[in-house]
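What follows is each chain in one-letter form.
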2 protein chains.
Amino acid sequence: MTIMTVRPYSQALDRLRAVGLRPTRQRLALARLLFDGGDRHISAEQLHSEAMAGNIRVSLATVYNTLHQFTEAGLLREIVVESGRSYFDTNTSDHHHFFYEKTSQLCDIPPDLIAVTRVPSAPAGHTIRRVDVIVRVDG
Amino acid sequence: MTIMTVRPYSQALDRLRAVGLRPTRQRLALARLLFDGGDRHISAEQLHSEAMAGNIRVSLATVYNTLHQFTEAGLLREIVVESGRSYFDTNTSDHHHFFYEKTSQLCDIPPDLIAVTRVPSAPAGHTIRRVDVIVRVDG
DNA sequence: GTGTTTGCAAAGTGTTTGCAATTTA
DNA sequence: TAAATTGCAAACACTTTGCAAACAC
């Protein structure tokens, strides 16, 4: 039995087309999970579990590949806060993060709530790629 | 053949005593490698290699244990910049980092060269543990 | 059809753990 | 000697890879 639900329009297909990634079943399904629910911070294993829960057959290897392709294409931003696990942020605009160490949860800090001033210029021969600010909170 | 060199006084023993860690041969040797050469950013495997190169017999497991004990004791600070590898900073004072993505090298940014202003207060029920700023540069 | 993408299972990397043997105080 | 520490090897968690089968255009 299949229950059909009316869903809001998904931007997944558009996003894939915009960056020139072939909209395969797996990529589309993952893109929907990632982008149709507002800003998310998610690990590969979490995304894979969600896919399984939603009856989307995707291998974990494909989830990893897809997350990296999306990141390279600029649809995602990778965040490193714990050694041994990567998170991917669907919000690719300029902002920073709270990290709840106990629960391993990430939470956006809007750019107007925090400011890094006087960023030193990059050492000779180097370019600043990004400035990451992680505010680590306990509890 | 062994070449003896005159070395400056090592603070390793004092540091271990100060934090109440039993000064075993391994801990002393690692503390010397860590603290007698100025500020360092080092991974467990790197430290283990240095120990081997210096004819100090320490197992990798002990290097990991020791790094964590030192970190808990406040002698080191752990820095996460790449998923899958931890670095330990012998400089535990308040400062931030350049991270050279190509070479995976870390470099201190003195606190007076960078400033995070308007750090948002921690969400209710939480305390800010630390604010990490990573300036990622390529090359 | 042709080149791309997928899934699987195996391999890889960095880290942690259990426990007997050793060392320290 | 009693308690803490070490080393080993196995276990771990997460991630990547190689390659044949499946898929998209």
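Residues numbered from 1 in each chain as written. Chains lettered and ligands numbered in written order. Predicted model: local features only at pLDDT ≥ 70, side-chain atom pairs only at ≥ 80, totals over all residues. Heavy atoms only, no water.

Focus on the packing of aromatic side chains
All names here are of chain A.
Then comes step 1: For the structure on display, the rule yields four aromatic pairs over all chains.
Then comes step 2: Ring centres of Phe98 and Tyr100 lie 6.5 Å apart, and the angle between their planes is 50 degrees; on these two criteria the pair is classed as tilted.
Then comes step 3: Given the relative accessible area of 7%, Phe98 is considered buried.
Then comes step 4: Take Tyr100: its relative accessible area is 12%, and that puts it in the buried class.
Then comes step 5: Lying across the ring of Phe35, Arg15 places its NZ or CZ 4.4 Å from the centre. (Phe/Tyr/Trp six-rings, centres within 6.5 Å; stacked < 30°, edge-to-face > 60°. Buried < 20%, exposed > 50% of the residue type's maximum accessible area, 1.4 Å probe, protein only. Lys NZ or Arg CZ within 6 Å of the ring centre and 35° of its normal.)

Looking at the protein's contact with DNA strand D
Then comes step 1: Taken together, 20 residues sit near DNA strand D, with A:Tyr64, A:Arg85, B:Thr24, B:Gln26 and B:Arg27 positioned nearest.
Then comes step 2: Within 4 Å of the protein, the contacting atoms of DNA strand D are drawn from sugar and phosphate to the extent of 87%.
Then comes step 3: The contact in question runs from a sugar or linking oxygen of DNA strand D to an N or O atom on the backbone of A:Gly84, over 3.1 Å.
Then comes step 4: One of the side-chain N or O atoms of B:Arg22 is found 3.3 Å from a sugar or linking oxygen in DNA strand D.
Then comes step 5: With four residues, the top contributor of residues to the surface near DNA strand D is helix α4 (residues 60-72) of chain A.
Then comes step 6: The class makeup of the residues in the surface near DNA strand D is seven nonpolar, seven polar and six charged. (Near = heavy atom within 4 Å. Polar contact = N/O pair within 3.5 Å; in protein donor to acceptor, adjacent residues only side chain to side chain. Helix = DSSP H or I, 4+ residues; strand = E, 2+ residues; numbered from the N terminus. Nonpolar A, V, L, I, M, F, W, Y, C, P; charged D, E, K, R; others polar.)

Quick look at the relation of the copies chain B and chain A
Then comes step 1: Screw-axis analysis of chain B against chain A gives a translation of 0.0 Å along the axis, an RMSD of 0.1 Å, and a rotation angle of 180 degrees. Both copies of the chain, as the preceding transformation shows, are related through a two-fold rotation axis.
Then comes step 2: Both copies share a contact surface, since 100% of the interface residues of chain B are interface residues in chain A too. (Least-squares fit on C-alpha atoms with pLDDT ≥ 70 in both. Contact = heavy atoms within 4.5 Å.)

With respect to the sheet that holds strand β1 (residues 41-43) of chain B
Residue and element names in this part refer to chain B.
Then comes step 1: Strand order in the open sheet made by the three strands is β1-β3-β2, with antiparallel pairing throughout. Sheet topology places β1 and β2 (77-82) at the edges, where each strand pairs with a single neighbour. Here the average twist between neighbouring strands, direction ignored, is 40 degrees.
Then comes step 2: Across four bridges, the pairing between β2 and strand β3 (residues 85-89) is antiparallel. Along β3, the bridge assignment pairs Glu78 with Phe88.
Then comes step 3: Taken strand by strand, helix α3 (residues 44-53) contacts β1 and β3, and its axis lies near 90 degrees from that of β1. (Pairing = 2+ DSSP bridges. Axes fitted to C-alpha atoms, helices over the stretch in contact; angles between N-to-C directions.)

Observations regarding the environment of A:Tyr64
Residue and element names in this part refer to chain A.
Then comes step 1: Here Tyr64 lies in helix α4.
Then comes step 2: Taking the C-alpha atoms as reference, Tyr64 lies 14 Å from Leu28; in sequence the two are 36 residues apart.
Then comes step 3: Excluding residues that lie within four positions of it along the chain, Tyr64 makes contacts with Ala44 and Glu45.

Some remarks on helix α2 (residues 25-35) of chain A
Then comes step 1: Every buried residue of α2(A) is listed here: A:Arg27, A:Leu28, A:Ala29, A:Leu30, A:Ala31, A:Leu34 and A:Phe35.
Then comes step 2: On its buried face, α2(A) sits against α1 (12-19), β1 (41-43), α3 (44-53) and α4 of chain A.

Re the protein's contact with DNA strand C
Then comes step 1: The environment of DNA strand C is made up of 19 residues, and the closest members are A:Gln26, A:Arg27, B:Tyr64, B:Gly84 and B:Arg85.
Then comes step 2: Among atoms of DNA strand C positioned within 4 Å of the protein, sugar and phosphate together represent 85%.
Then comes step 3: A:Arg27 is positioned such that a nitrogen or oxygen atom in its side chain is 2.4 Å from a phosphate oxygen of DNA strand C.
Then comes step 4: Here a phosphate oxygen of DNA strand C and a side-chain polar atom of B:Tyr64 are 2.3 Å apart.
Then comes step 5: Those elements that provide at least two residues to the surface near DNA strand C are α2 and α4 of chain A together with α4 (60-72) and β3 of chain B.
Then comes step 6: Counting residues per element, the surface near DNA strand C draws most heavily on α4(B), which supplies four residues.
Then comes step 7: In terms of residue class, the surface near DNA strand C is made up of six nonpolar, seven polar and six charged.

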